[in-house]
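# Structural features, examined
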Amino acid sequence: MHKKITNIKQLKLIANTIRQDVIRMLLEAKSGHSAGSIGLADIFSALYFNVLYHDPKNPSWPDRDRLLLSNGHVAPVLYAAMANADYFPKEELMTLRKLGSRLQGHPHPGSLPGIENSGGPLGQGLSQAVGMAIVAKAERKRWRVYCAMSDGEHDEGQTWEAIMLANKYKLNNLTAIIDRNSIQMDGMTEDILPLEPFAEKYRAFGWRVIEVDGHNIAKFIEACEEAKAVYERPTVIIAHTIPGKGIPYMEYLSEWHGKTPSKEQADEAITLLEEERKRIEEE
Amino acid sequence: MLKTKEMYLIEDLLTSKNAVSLRDGFGKGLLEVGQENHNVWVVTADVQESTRVNWFAEKFPQRFVQIGIAEQNMAGVAAGIALCGKIAFMSAFAAFSPGRNWDQIRVSICYTNANVKIHASHNGISVGQDGATHQALEDIAMLRALPNMIIIVPCDVEEARKAVKAITNRFGPAYIRTSREKVITFTTEKTPFEIGKANVYREGKDAAIFACGLEVYESLKAAEQLSKEGIECAVIDCHTIKPIDHDCILEWAKKTKLLISVEEHQIYGGLGGAIAEVLSEEQTGAILKRHGIHDTFCESGDAKDLMRKYKLDANGIVEFVKEALKSIP
Ligand SMILES: Cc1ncc(C[n+]2csc(CCOP(=O)(O)OP(=O)(O)O)c2C)c(N)n1
Ligand SMILES: [Mg+2]
């Protein structure tokens, strides 16, 4: 089993590494989704190095926690976290989206061990997670199901169908984690199709809701722990994040949803992230 | 022989570098019909720039509806708009529309015969890096089975523009499929375009290649290469897949022994499937070999690399034709 890292500073440094990896991957691939991937680095550091019970050397370990990615377009952050956790060699990150690569543009279980589901067509992931959680609960498994989702995909009716079903089966073994970054492809979520009052919607649908700052690793881990103690209800962690967090020219902008950095922009990002790294080390 | 004059194709067809994304033709056509006809409305599902409906949206915001990422809802809303006497265009990615909303298209649009025009961008493997989830290769098959639906797959930006005008002027459900990849613009304003009537761009006695979408240009290039080796192929732009041009298919089945279909779609249920259905009900001496994606999901990669790997570029088509010719006695 993977050893849990509890030192927050160390987790922050890993998040910083993940951000740098994502930038390099997207620069090399010349296509892909930047803002969401970068904004999720802290959460994926926490998930792969603290929250999840998993074994990178044995990805199909039957008792592992399942992490499903619903918004498959943020695959770069998933791959970077997995490579840093030793699922596969880090060099392979540079093959993202290329012909013959195991790192498909949107994750595919058949291509890379450790990938639990196929996502990309938005709004499918939570249903898959609910299916798994129903089985796990029926068979009294100890493992949990985590479903990473985006805010944008709450536009899809299927997401709400899954939300209702999770309530019906009282899936206390299910934690949904939402990247509440307020952007989608054509603009801000509240302009495209308003989601607010978002937390209230989930509450009305029978879920336990925890809202956290998605860049506060300690608080996020605490929320994941709290979810495990919830009785007879699924939990959703609404993680408020800044799209492109840590790279000022990218932050808050939906224009960066599906764009990749130029060489100059990537260099600038790496420099900024290196400075950030020094600050973390001095903390 | 290329029918450059007769079909008003550009002179430098094989050397031209003027490549434009097919979706631009859709966006342009939509802007034109929006200008001419104030009954034209447009809905989209969080993909306005990628589908080029943003051009319409900027000009006619009062006739534009942003649905959000909700393709099923979009199809129903488009039907509602059409049932008020409007011409509703709904535009998104093929993988999700018709990929996700087929039932809504079937009932809300086709069964009610609502005047909805479905535009799908990002088809086929030429979507490239996004990978299999986003590479719609089954959309034509899904829609061809629906009564009242017509299906058009334009070959270049100019034909896409004309197709938008043609479907606007014809009442009822229609599907127009455009890829994101750039393709040489080789037809001109004067090149004919009639729904249901295939365009013959090249004559040839040894085989007749029926192609659609960006495979038309690749087939023209392939035919030119084959000609140098003494093999003469006709190339037919079969832009309308439903209703399929029976007469054209039967005519070529009499003129040649070998028909070949080439499409950026599964070999089942698309252009090749439609031609096979026509041939199977008539006594002709010809056989059909279908080329496209041969019953597999594809993968991430650069569009050009994928077209090469799956033999859907000119060289690949040359290979396929030569192989197919071996089965002719
Ligand atoms: C069903 C479906 N419709 C459309 C798309 C195209 N698409 C890809 S990402 C995206 C916007 C998603 O918003 P969100 O997930 O919140 O994106 P982010 O915050 O990462 O920018 C859209 C519309 C898709 N992948 N799936
Ligand atoms: Mg978002």
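Above this text sits the structure in question.
Model, not experiment: these values are computed from the prediction. (Residues numbered from 1 in each chain as written. Chains lettered and ligands numbered in written order. Predicted model: local features only at pLDDT ≥ 70, side-chain atom pairs only at ≥ 80, totals over all residues. Heavy atoms only, no water.)

## Quick look at the interface of chain B and chain A
Note: interface size is frequently given as the accessible area lost on complex formation between the parts. Basically, it comes down to this: Contacts are residue-level and defined by heavy atoms, with any inter-residue pair within 4.5 Å sufficient. The buried area of a pairing is the accessible area, by a 1.4 Å probe, that goes missing from both parts when the two are put together, added over both. Each salt bridge in this description consists of a side-chain nitrogen of Lys or Arg and a carboxyl oxygen of Asp or Glu lying within 4 Å of one another. We define a polar contact as two N or O atoms separated by no more than 3.5 Å, with the added condition that, inside protein, one atom must be a possible hydrogen donor and the other a possible acceptor, whereas residues neighbouring each other in sequence contribute only through side-chain atom pairs. The helix and strand labels rest on DSSP assignments: H or I over at least four residues marks a helix, E over at least two residues marks a strand, and numbering proceeds from the N terminus. The residue classification treats Ala, Val, Leu, Ile, Met, Phe, Trp, Tyr, Cys and Pro as nonpolar and Asp, Glu, Lys and Arg as charged. All others, Gly included, are polar.
In this complex, chain B contributes 26 residues to the contact, which on the side of chain A involves 25 residues. Buried area between chain B and chain A, summed over both chains or domains, comes out near 1,900 Å², and the portion from carbon and sulfur atoms is 49%. Three residues, Asp46, Ile69 and Arg100 of chain B, lead the burial of chain B against chain A; their summed loss comes to 31% of the area buried on that side. At the junction of chain B with chain A, the criterion picks out two salt bridges. A salt bridge links arginine 97 of chain A to aspartate 130 of chain B; the nearest nitrogen and oxygen atoms lie 2.7 Å apart. At the junction of chain B and chain A, the tally comes to 16 residue pairs in polar contact (both at pLDDT 80 or more). Within the residue set of the side of chain B that touches chain A, elements represented by two or more residues are helix 2 (48-51) and helix 11 (303-309) of chain B. Residues belonging to the side of chain B that touches chain A are distributed by class as follows: seven nonpolar, eleven polar and eight charged.

## Quick word on the sheet that holds strand 2 (residues 145-150) of chain A
Residue and element names in this part refer to chain A. Using the following cut-off: Any two strands with at least two DSSP bridges between them are considered paired. Angles here are taken between N-to-C directions and fall from 0 to 180 degrees, while the axes themselves are lines fitted to C-alpha atoms, restricted in helices to the stretch in contact.
The strand order 1-2-3-5-4 describes an open sheet built from five strands, whose pairing is parallel. Looking at strand neighbours, the two that pair on one side only are strand 1 (66-69) and strand 4 (208-213), the edges of this open sheet. Averaged over neighbouring strand pairs, the angle between their axes works out to 20° when direction is ignored. Here strand 3 (residues 174-180) pairs with strand 5 (residues 235-240) via six bridges, running parallel. Of the residues in strand 5, the one forming a bridge with isoleucine 177 is isoleucine 237. Those strands touched by helix 3 (residues 41-51) are strand 1, strand 2, strand 3 and strand 5, and its axis lies near 160° from that of strand 1. Contacting strand 2, strand 3, strand 4 and strand 5, helix 9 (residues 217-228) crosses the sheet at an angle of about 170° to strand 4.

## Looking at the sheet that holds strand 11 (residues 233-237) of chain B
Residue and element names in this part refer to chain B. The strand order across the open sheet built from five strands is 9-11-10-13-14, with neighbouring strands paired in mixed fashion. The sheet terminates laterally at strand 9 (199-202) and strand 14 (287-293), the two strands that pair on one side only. The sheet shows a mean angle of 25° between the axes of neighbouring strands, taken without regard to direction. The sheet contact formed by strand 10 (residues 207-211) and strand 13 (residues 258-266) spans four bridges and is parallel.

## Details of the pattern of salt bridges
This is how it is decided: The classification of residues rests on relative accessible area computed with a 1.4 Å probe and restricted to protein chains. Under 20% of the type maximum is buried, over 50% is exposed, and intermediate values are partly exposed.
Counted according to the given criterion, the structure contains 38 salt bridges over all chains. Linking glutamate 190 of chain A and arginine 180 of chain A is a salt bridge whose minimum nitrogen-to-oxygen distance equals 2.8 Å. With glutamate 190 of chain A in helix 7 (residues 189-192) and arginine 180 of chain A in strand 3, the pair connects residues that are ten residues apart, well separated along the chain. Judged by relative accessible area, which is 30%, glutamate 190 of chain A ranks as partly exposed. Residue arginine 180 of chain A is classed as buried on the basis of its relative accessible area, which comes to 4%. Salt bridges sharing common partners tie together Glu32, Glu36, Glu158, Arg161, Lys162 and Lys165 of chain B.

## Describing the site of ligand 1
So the rule is basically this: One heavy atom within 4 Å of a molecule or strand is enough for the residue carrying it to be called near that molecule or strand. Working definition of accessibility: Shrake-Rupley area with a 1.4 Å probe, residue cover restricted to the visible protein chains.
Taken together, 21 residues surround ligand 1, and among them His73, Ser150, Asn181 and His257 of chain A together with Glu71 of chain B come closest. Neighbouring residues of ligand 1 are not confined to one chain but are distributed across chains A and B. Here aspartate 151 of chain A contributes a side-chain N or O atom positioned 2.8 Å from an oxygen atom of ligand 1. Note that an oxygen atom of ligand 1 is positioned 2.6 Å from one of the side-chain N or O atoms of histidine 257 of chain A. Protein contacts shield 99% of the accessible area of ligand 1, which totals 600 Å² for the unbound molecule. Taken together, the residues that form the shell around ligand 1 break down as seven nonpolar, nine polar and five charged.

## Examining the coordination of the magnesium ion (ligand 2)
All names here are of chain A. How we decide: Only nitrogen, oxygen and sulfur atoms qualify as donors, and only when within 2.8 Å of the metal (3.2 Å in the case of Na, K and Ca); with water excluded, sites may look incomplete.
The protein atoms that coordinate the magnesium ion (ligand 2) are Asp151 (OD), Asn181 (OD1) and Ile183 (O), at distances spanning 2.1 to 2.2 Å. If you list the donors of the magnesium ion (ligand 2) from N- to C-terminus, the spacing comes out as D-x29-N-x1-I. Here aspartate 151 is found in the loop between strand 2 and helix 6 (157-168), whereas its partner asparagine 181 is found in the loop between strand 3 and helix 7, with 30 residues between them in sequence. In this structure, aspartate 151 and asparagine 181 share a single accessibility class: buried.

## A word on the nonpolar core
Threshold: Put simply, a nonpolar core is a bunch of buried Ala, Val, Leu, Ile, Met, Phe, Trp, Tyr and Cys residues held in one set by side-chain atoms that sit within 4.5 Å of each other.
Counting 61 residues, the largest nonpolar core has Ile23, Phe44, Leu47, Tyr48, Tyr79, Phe88 and Phe220 of chain A as its most contacted members. Not counting residues within four places of it along the chain, the set of residues in contact with isoleucine 23 of chain A comprises Ile38, Ile247, Met250, Pro261, Ala266, Ala269, Ile270 and Leu273 of chain A. Ranked by size, the runner-up nonpolar core spans 56 residues in total, among them Met90, Ala114, Leu250 and Ala286 of chain B.

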